[in-house]
Amino acid sequence: MKKKAWKARQYKIRNNPLFRLIPGMTDEYFMRLALAEARKAFAAGEVPVGAIITVGEQVLSRGHNMVEKLNDATAHAEMIALTSAFERLGSKYLPDATLYVTVEPCLMCTGAIYWSKLARVVWGTDDEKNGHRRITCDAWPFHPKTSLSKGILDEEASSLLREFFQSKR
Ligand SMILES: [Zn+2]
């Protein structure tokens, strides 16, 4: 997207009442929104993973795991939030956006994050079993310009997963 068009779109987003502007927003604040998405998945009988994509202090898109509902093994929270963000911005890359996801992304979502050229990825709890690092190990799997933070509200995200899998036993 041309810079002028991007700016015009940002202006439109800023003035859209759908995007809440609250001063002093933090990683924790946005991770709580991602956790709310994860709880929606839980309530629907899906593995509780949630994601939020932000630009600045604006929430651009939300997603939660919908593998069961859509009968689609690729319908992870990150994929849903990314697709919705591309559509909303009319852009195939998200160089100004941050993705908040409650659980370490899997290899597939890590590939999608790479291609989307996100500015930043923030995840909650590590996923020893299905997280991408089991395969990528110490290699940097994201775009070189993407930065990473992790461990934000990890206890909340992991206890939600534990609760879910215990209820399935
Ligand atoms: Zn995934």
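Note that the structure is a prediction, hence the values are computed from the model and not measured.

Chemist: Could you clarify how one ought to interpret the overall build of the chain in this entry?
Modeler: In terms of regular secondary structure, the chain is built from seven helices and five strands. In the chain, the order of α-helices and β-strands from amino to carboxyl end is α-α-β-β-α-α-β-α-β-α-β-α. Per-residue burial over the chain gives 37% buried out of 169 residues. In the chain, the share of contacts with a sequence separation of at least 24, taken over all contacts with a separation of at least 6, comes to 59%.

Chemist: How should the pairing of strand β4 (residues 120-125) be read in this particular structure?
Modeler: Regular strands place side chains that alternate from one sheet face to the opposite one. For β4, the tally of buried residues reaches five of six residues, placing the bulk of the element in the interior. Bridge count for strand β3 (residues 97-103) against β4 is five bridges, and the pairing is parallel. If you follow Tyr 100 over to β4, its bridge partner there is Val 122. Where the polypeptide runs from β3 across helix α5 (residues 107-116) and back to β4, its parallel neighbour, the crossover connection is right-handed. Bridge count for β4 against strand β5 (residues 147-150) is four bridges, and the pairing is parallel. Along β5, the bridge assignment pairs Arg 120 with Ser 147.

Chemist: How should the environment of Met 108 be read in this particular structure?
Modeler: Looking at where Met 108 falls in the secondary structure, it is placed in helix α5. When the C-alpha atoms of Met 108 and His 76 are compared, they prove to be 9.2 Å apart, with 32 residues separating the residues in sequence.

Chemist: Please clarify how the nonpolar core should be interpreted in this entry.
Modeler: Within soluble globular proteins, side chains that are nonpolar generally end up buried alongside one another. Ranked by internal contacts, the top residues of the largest apolar core, which has 39 residues, are Ala 34, Ala 81, Leu 99, Tyr 100 and Val 101. Once residues lying within four places of it in the same chain are set aside, the contact partners of Leu 99 are Ala 51, Ile 53, Glu 78, Ala 81, Ile 113, Leu 118 and Val 121.

Chemist: Where do I start with the packing of helix α4 (residues 77-89) against α5 in this structure?
Modeler: The geometry of a pair of packed helices is captured by two quantities: the angle between their axes and the separation between those axes. Packing of α4 against α5 brings their axes to within 9 Å, and their N-to-C directions diverge by 25°. Judged by the inter-axis angle, α4 sits roughly parallel to α5. Here α4 and α5 pass one another in a crossing that is left-handed. The residues of α5 that touch α4, namely those facing Glu 78, Met 79 and Leu 82, are Cys 109, Ala 112, Ile 113 and Ser 116. Broken down by class, the residue content of the contact of α4 with α5 amounts to five nonpolar, one polar and one charged.

Chemist: I keep staring at the sheet that holds strand β1 (residues 50-55) and nothing clicks. Help me out?
Modeler: Paired through their backbone hydrogen bonds, the strands of a sheet run either parallel or antiparallel. As summarised here, the arrangement of the five strands in space is β2-β1-β3-β4-β5, forming an open sheet in which the pairing is mixed. Only two strands of the sheet have a single neighbouring strand rather than two, namely β2 (58-64) and β5. Strand-to-strand twist across the sheet, computed as the mean angle between neighbouring axes with direction ignored, equals 15°.

Chemist: Would you take a moment to explain the confidence of the model for the chain for this structure?
Modeler: When pLDDT is averaged along the chain, the result is 90, and 86% of the positions lie at 70 or above. Taken element by element, the predicted model of the chain shows its lowest mean pLDDT in helix α1 (residues 3-14) (64) and its highest in β3 (98).

Chemist: For this particular structure, what's the right way to read the pairing of β2?
Modeler: Counted residue by residue, β2 has six buried out of seven residues, so it is predominantly covered. Two elements, β1 and β2, share six bridges in a ladder whose sense is antiparallel. Looking at β2, one finds that Ile 52 is bridged to Arg 62. In textbook terms, the turn of a hairpin is the stretch between consecutive antiparallel strands, and for β1 and β2 this stretch comprises two residues, one of which, Gly 56, has a positive phi near 60°.

Here is what the cut-offs are and how they apply
- Residues numbered from 1 in each chain as written.
- Predicted model: local features only at pLDDT ≥ 70, side-chain atom pairs only at ≥ 80, totals over all residues.
- Helix = DSSP H or I, 4+ residues; strand = E, 2+ residues; numbered from the N terminus.
- Buried ≥ 20, exposed ≤ 12 C-beta atoms within 10 Å, placed from the backbone.
- Contact = placed C-beta atoms within 7 Å.
- Pairing = 2+ DSSP bridges.
- Right-handed = clockwise from strand over helix to strand, strands pointing away.
- Core = buried A, V, L, I, M, F, W, Y, C linked by C-beta atoms within 7 Å.
- Axes fitted to C-alpha atoms, helices over the stretch in contact; angles between N-to-C directions.
- Parallel < 35°, antiparallel > 145°, perpendicular 65-115°, else oblique.
- Left-handed = near helix turned anticlockwise from the far one by under 90°.
- Nonpolar A, V, L, I, M, F, W, Y, C, P; charged D, E, K, R; others polar.
- pLDDT = per-residue confidence, 0-100.

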